[in-house]
Amino acid sequence: MATSPQTVLLTGASGFVGRHLVRALSVAYPTTALLAPRLDVRNAAEVTAAVQAALPEVCVHLAAVSAVTAAGQAPELAWQVNFHGTMHLAWALARYVPNCQLLFVSSSEAYGASFRGGAKIA
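Residues numbered from 1 in each chain as written. Predicted model: local features only at pLDDT ≥ 70, side-chain atom pairs only at ≥ 80, totals over all residues. Heavy atoms only, no water.

J.: Explain the overall build of the protein to me, please; I cannot follow it from the model alone.
T.: Each helix and strand in the protein was counted, giving 4 helices and 4 strands. Counted from the first residue to the last, the protein has its helices and strands arranged as β-α-β-α-β-α-α-β. By residue count, 28% of the 122 residues in the protein fall in the buried class. Counting only contacts in the protein whose residues sit at least 6 apart along the sequence, the fraction spanning at least 24 positions is 73%. Carbon and sulfur atoms make up 59% of the accessible area of the protein, which amounts to about 8,100 Å² in all. Computing the positive centroid from 7 side-chain charges and the negative centroid from 5, the protein places the two 8 Å apart. (Helix = DSSP H or I, 4+ residues; strand = E, 2+ residues; numbered from the N terminus. Buried < 20%, exposed > 50% of the residue type's maximum accessible area, 1.4 Å probe, protein only. Contact = heavy atoms within 4.5 Å. Areas by Shrake-Rupley, 256 points an atom, 1.4 Å probe, with all protein chains shown as cover. Lys, Arg positive; Asp, Glu negative; His and termini not counted. Charge placed at Lys NZ, Arg CZ, Asp CG, Glu CD.)

In structure tokens form, the structure reads like this:
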């Protein structure tokens with residue numbers, strides 16, 4: 001059986017999924033330090049500082065402009081958060097905690113309408 005991680009860094013903890021995940025992780029891993037700083041992932045220095053402070057073994061990345069309507073209304077913001085923010089996090093993890101496991105949670109929107117045909121997506 002795998003051991004519980006000692007430190008988990010969670011981005012986007014204040015969002016819909018994040019609020020539920022914080023509770024679930026707290027129950028499942030009561031001895032794990034769950035760090036969920038309010039973090040602007042668009043700011044590379046802020047992301048780097050958070051990673052350096054946490055030195056997590058696991059990082060769950062939920063921070064995003066997740067609503068398609070919101071992304072369509074502010075596409076530059078969506079790119080800054082969803083793409084550049086993810087890259088800032090990935091670079092900081094790779095540099096300071098290269099053995100950290102990163103779980104990048106995306107959206108079903110990444111698959112577009114392909115699910116409507118019923119075929120498996122490989």
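Still more to cover.
J.: Please clarify how helix 2 (residues 44-54) should be interpreted in this entry.
T.: Each turn of an α-helix holds 3.6 residues, which means side chains three or four residues apart point in the same direction. Looking only at helix 2, the buried set comprises Val47, Ala50, Val51 and Ala54. In a view along the axis of helix 2, the buried residues occupy a sector of 95°, so they form one face of it. Along helix 2, exposed side chains directed more than 90 degrees from the buried face belong to Ala45 and Ala53. In this fold, the buried residues of helix 2 make contact with strand 1 (7-11), strand 2 (33-35) and helix 4 (75-96). Put simply, Asn43 is the residue that caps the front of helix 2, since its side-chain oxygen is 3.0 Å from the backbone nitrogen of Ala45. (Arc of directions from axis to C-beta. Polar contact = N/O pair within 3.5 Å; in protein donor to acceptor, adjacent residues only side chain to side chain.)

J.: Would you mind going over the nonpolar core with me for this structure?
T.: In terms of nonpolar packing, the biggest core is built from 17 residues, with Leu9, Val41, Val47, Val51, Cys59, Leu89 and Leu93 touching the most fellow members. Here this core takes 5 residues from helix 4, the largest share from any one element. Once you skip the residues sitting within four places of it in the chain, Leu89 turns out to touch Leu9, Thr11, Val47, Val51, Cys59, His61 and Leu102. Counting residues in hydrophobic clusters, the runner-up holds 6 residues, among them Ala13, Val58, Val60 and Leu62. (Core = buried A, V, L, I, M, F, W, Y, C linked by side-chain atoms within 4.5 Å.)

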